[in-house]
Every structure is written in structure tokens, then in C-alpha cells.
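# Fold and geometry: a report
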Amino acid sequence: MSKQEKSRVWYKEPWPWLLMAGPAIVVVAGFTTFYLAQKNAADLVSDDYYKDGKHIDIQLHRDEEAVKRHIEAQVLVSPDNDAAKVFVSGDFDSGRPLNLVLMHPAKKANDQTVKLQAVQSGVASGNKHEYSAVFKPLPAANHWYVRLEDAGGTWRVEDKWIVSQGNALNLKPMNKLLGDQASGQN
């Protein structure tokens, strides 16, 4: 037998490596996709629908209470998205602590709840009470859900803040959900 007729060892041939490259690339791409999906998972779906459903009535009661008390708020967010001034009007106990809740539309890890601090004894002008809040800088997002509530969970006012429309927003009770019931009380 001559040298040319001798077969070479398989791992020295290019064809087995070329044939194994495709499946190997697919396996690596699969693990990469799984890692990215886990890292960037959105918190949009609730794990316990029954528990959430039981709390709907409680949440609507808080909106109804805000309508009865005529509570409204104006939130002015700083240009750096790390602080806010909040002006609250209506019939509420200004001595009780208030919370400003900033909710990211997709990532629950970016949500923040901040206790408001009264400014100048809590009175700005007339019946408006002024508060300030300092929080971690907000990550970039097209919109945020902003809620103002008393710490006792009696009432709440909220709205969607579209960042591109400026750093000021008005928070009102959710009249849309209450329908005719809310409009009959005014």
C-alpha cells in the first residue's frame, strides 16, 4: 500500500468537523436565547388570578373614596428623573404619611414606592399641600404608572405618565372605572 492510499484518522479530516459545526452552533444559540429570555423576562402575567380578582373590589373602593374626598394631585418630576414635587388637594388627613408609587410597565424590579416628605409644614397655597420625594433615577421607559396613596390604603389617585409629553402629570381618581356612580356625586 502506498502512502496516498492509507486512510487518515477521522479527526484529521475536515468533513466531520464541518458536519458537527451546525448542531454545535444551534446548541450554543439555544442556550444564549434561554439566557436572554430569563434575564429580560417581563412581569406582565400574574401567577395567582384568583387572589388578584378578590382584591379588585378593594382597589375600586380606594378610587371611590378618593372621588368622595375630591382628592387630586399634581406631580412634577425633576429632569433627572430622580426627584419629584407633589401638590395634593382635597379632603385628606395631611398628618398621615403619603406614598408615591412609580410602576414600570413591564419590569416589576424597577418599581419604586417612596414616602413623601411634607414641605413647609405641608401647606403650599390655599388648600394644596406640598410634598417632596427623592428616589432612585428611573430607567428609560416610554411610560410609567404613577400612583399617590395614603399609607393606610384608604384612597388612591393614579394615572399613566407618558415621558415624552413632559415631566408634569395630574393624578385623579379612576372615574372611568366608577362610571355614573362617580359623576352622580359631584
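Before reading on, note that the structure itself is shown above.
In this text, all values refer to a predicted model and were calculated from it rather than measured experimentally.

On inspection of all chains with the given rule, the structure shows 8 salt bridges. Across the salt bridge formed by Asp150 and Arg96, the nearest N and O atoms sit 3.8 Å from each other. Pair noted here: Asp150 is in strand β7 (residues 143–150) and Arg96 is in the loop between β2 (83–89) and β3 (98–103), with a separation of 54 residues, a long-range link. We classify Asp150 as buried; its relative accessible area is 4%. For Glu158, the salt bridge is made with Arg147, and the minimal N-O distance between the two is 2.9 Å. Of this pair, Glu158 sits in strand β8 (residues 156–162) while Arg147 sits in strand β7; the two residues are 11 residues apart in sequence, bridging distant segments of the chain. By relative accessible area, Glu158 is classed as buried at 13%. Taking relative accessible area as the criterion, Arg147 reaches 16% and is therefore assigned buried.

What follows concerns helix α1 (residues 14–39). An α-helix turns once every 3.6 residues. As a result, residues three or four positions apart point the same way. Taking 1.5 Å of rise per residue, 26 residues should cover 38 Å, and α1 covers 37 Å from first to last C-alpha, within 8% of that figure. Approximately 30° is the largest bend angle found in α1, and it occurs at Ala21, with the proline Pro23 only one to four residues beyond. Of all the 26 residues making up α1, 0 are buried; the element is thus mostly uncovered.

Another point: the side chain of Asp150. A polar side-chain atom of Asp150 sits 2.8 Å from the main-chain amide nitrogen of Thr154. Not counting chain neighbours up to four residues away, the residues in contact with Asp150 comprise Arg96, Pro97, Leu98 and Trp155.

Cut-off values and rules
Residues numbered from 1 in each chain as written. Predicted model: local features only at pLDDT ≥ 70, side-chain atom pairs only at ≥ 80, totals over all residues. Heavy atoms only, no water. Salt bridge = Lys/Arg side-chain N within 4 Å of Asp/Glu carboxyl O. Helix = DSSP H or I, 4+ residues; strand = E, 2+ residues; numbered from the N terminus. Buried < 20%, exposed > 50% of the residue type's maximum accessible area, 1.4 Å probe, protein only. Expected span 1.5 Å × (residues − 1). Bend = angle between axes of the 7 residues up to and from the residue. Polar contact = N/O pair within 3.5 Å; in protein donor to acceptor, adjacent residues only side chain to side chain. Contact = heavy atoms within 4.5 Å.

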